[in-house]
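A look at the structure
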Amino acid sequence: MKMIVGGAQIGGIQRDEPREAVVARMMALMEQAHAQGVEFLVYPEMTLTTFFPRFYVEDRAEFDHWFETEMPNAATQPLFDMARGFGMGFTFGYCELTPEGEHFNTSILVSPEGEIVSTYRKTHLPGHAEFEPERSHQHLEKRYFLAGDTGFNVVRNQGVVMGMAICNDRRWPEAWRCLGLQGVELVTIGYNTPSQNNLSKNEGIEKRVYHHELSVCAGAYQNSTFAVAVAKCGMEDGNHMFAGSIIVDSDGFVIARATGEGDELIVAECDFDKCAFGKRTVFNFEAHRRIEHYGRITAQTGVKVEV
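In short, a report on the structure. (Residues numbered from 1 in each chain as written. Predicted model: local features only at pLDDT ≥ 70, side-chain atom pairs only at ≥ 80, totals over all residues. Heavy atoms only, no water.)

Turning next to the overall build of the protein. Scanning the protein from terminus to terminus reveals eight helices and 13 strands. Rg of the C-alpha trace for the protein: 19 Å, near the compact-globule value of 19 Å for 307 residues, within the 12% margin. Its C-alpha atoms give the protein principal-axis dimensions of roughly 60 × 50 × 40 Å. For the protein, the residues scored as buried account for 55% of the 307 residues in total. Here the contacts in the protein between residues at least 6 apart in sequence split such that 69% fall between residues at least 24 apart. (Helix = DSSP H or I, 4+ residues; strand = E, 2+ residues; numbered from the N terminus. Rg over C-alpha atoms; globule rule 2.2 N^0.38 Å. Buried < 20%, exposed > 50% of the residue type's maximum accessible area, 1.4 Å probe, protein only. Contact = heavy atoms within 4.5 Å.)

Set out below in structure tokens:
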């Protein structure tokens, strides 16, 4: 089956920008998407707020105002209503504070009827938990979020097997393979990625964009799935994040790419029937995987040099 899929890249969100203003920007992109026939729309990680893990506070509860305690809520309900009126599915990321007081970097998948049909919490948190002065900038996701507890799951939405990942997850082949083993046909990835490695002056925006595309294209190819990776990007609170939003086909080729660093829509028609060829040939997991040799992947985390 074919579906027109969109990626709604978002430019920087400053600390004093209210949720309602951000949602208005999201709705403007959704209107553009509807005008171009988009049936499913992907927004970035942490779409509603600035990327606050770049800032350090001693008492992490001071940042609870960046988190959502319910979804949808008063600020986001208009987005849900618009999507339902258009008959458009969508996904976006936000910061979740649970009733139990747990903090997660979360993404939801919403059906064209406006129902949340899947929730994913970011698994591979990058960065560090304490202030580290040797870094050019802080990346404190481990301070403000718990590692996700959902695992990597799929849902059939709009006739397509969809799964979610968030930002750093795209760099980990285990995430893609967990989704691939469930027959995934579309992986959505939102990200907020600094343009400079905060521990390496030699790894700037060109290398980081290359590694971003490499990860998404390889993951899509090796699991015979389409993928949509969408940035929040540009200058944000004096810090720069790279753009590079892309839509990738099941052969690992980029079929749509953002050209700027602001609010921008990318669109591609995805023929999900094409996923079947790779799944039954080169990446026929049932025929070719040899799990008796893969135990080390789940038995250990860090590297052990024993020779």
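Taken as a whole, this structure holds 16 aromatic pairs when the rule is applied. Centroid distance phenylalanine 226 to phenylalanine 272: 5.1 Å. Interplanar angle 65°. Geometry classified as edge-to-face. One end of the pair, phenylalanine 226, is in strand β9 (residues 226-236); the other, phenylalanine 272, is in the loop between β13 (264-271) and α6 (275-280), and 46 residues separate them in sequence. Take phenylalanine 272: its relative accessible area is 3%, and that puts it in the buried class. (Phe/Tyr/Trp six-rings, centres within 6.5 Å; stacked < 30°, edge-to-face > 60°.)

Here helix α4 (residues 173-180) has its buried residues at Ala175, Trp176, Leu179 and Gly180. The arc that holds the buried residues of α4, viewed along the axis, is 135°, so those residues lie on one side. On its buried face, α4 sits against β6 (154-157), β7 (160-166), β8 (186-191), α5 (205-222), β9 and α7 (285-288). (Arc of directions from axis to C-beta.)

Tracing the backbone shows lysine 122 in the loop between β5 (116-121) and α3 (141-144). On the basis of relative accessible area, lysine 122 is assigned to the buried category, the value being 0%. Polar side-chain contacts of lysine 122 include one of 3.0 Å to the side chain of glutamate 45. Apart from residues no more than four positions distant in its own chain, lysine 122 is found in contact with Glu45, Asn105, Glu141, Leu146, Ala147, Gly148, Ile166, Cys167, Asn168 and Asp169. (Polar contact = N/O pair within 3.5 Å; in protein donor to acceptor, adjacent residues only side chain to side chain.)

Here glycine 238 lies in the loop between β9 and β10 (239-241). By relative accessible area, which is 64% here, glycine 238 ends up exposed. Remark: the alpha-carbon pair of glycine 238 and glutamate 174, spanning 64 residues in sequence, is separated by 34 Å.

Attention now goes to the environment of methionine 1. Within the secondary structure, methionine 1 is located in the segment before β1 (2-11). Look at methionine 1 and you get partly exposed, because its relative accessible area is 35%.

The tendency in soluble globular proteins is for nonpolar side chains to be buried as a group. Counting 44 residues, the largest nonpolar core has Leu186, Val216 and Phe272 as the members making the most contacts within it. Per-element tally for this core: the top contributor is β9, with seven residues. Among the nonpolar cores identified, the runner-up in size contains 25 residues, and Ile10, Val38, Leu48 and Met88 belong to it. (Core = buried A, V, L, I, M, F, W, Y, C linked by side-chain atoms within 4.5 Å.)

The residue threonine 76 is located in the loop between β2 (40-42) and α2 (77-86) in this model. By relative accessible area, which is 1% here, threonine 76 ends up buried. A polar side-chain atom of threonine 76 sits 3.0 Å from the main-chain amide nitrogen of asparagine 73. Residues within four places of threonine 76 in sequence aside, it is in contact with Val23, Leu48 and Met71.

Moving on, we come to the environment of threonine 50. Secondary-structure assignment places threonine 50 in the loop between β2 and α2. Note: C-alpha distance between threonine 50 and glycine 295 (245 residues apart in sequence) is 40 Å. Contact partners of threonine 50, with chain neighbours within four places excluded, come to Ile13, Gln14, Arg15, Trp66, Lys232, Glu236 and Asp237. Separated by 3.2 Å, the side chains of threonine 50 and arginine 54 make a polar contact. Of note is the side chain of threonine 50, whose polar atom sits 2.4 Å from the side chain of aspartate 237.

A surface patch of nonpolar side chains, about 300 Å² in accessible area, is lined by Ile291, Tyr294 and Ile297. Note on placement: tyrosine 294 falls in the loop between α7 and α8 (295-299). On the accessibility criterion, tyrosine 294 (31% relative accessible area) is partly exposed. (Patch = residues over 30% accessible without salt bridge, like charges linked within 9 Å, V, L, I, M, F, W, Y side chains within 5 Å. Areas by Shrake-Rupley, 256 points an atom, 1.4 Å probe, with all protein chains shown as cover. Salt bridge = Lys/Arg side-chain N within 4 Å of Asp/Glu carboxyl O.)

A few words on empty space enclosed by the protein. Taken as a whole, this structure holds one cavity of 30 Å³ or more when the rule is applied. Here the largest cavity is characterised by a volume of approximately 50 Å³. If you go around the largest cavity, you meet 13 residues; those closest to its centre are Tyr43, Thr91, Ser107, Ile189 and Gly190. Looking at the lining of the largest cavity residue by residue, the classes come out as seven nonpolar, five polar and one charged. (1 Å grid on protein atoms, 1.4 Å probe; cavity = no way out; pocket = protein on both sides within 12 Å on 5 of 7 lines; lining within 4 Å. Points joined across faces, edges and corners; volume = space filled by probe spheres on them. Nonpolar A, V, L, I, M, F, W, Y, C, P; charged D, E, K, R; others polar.)

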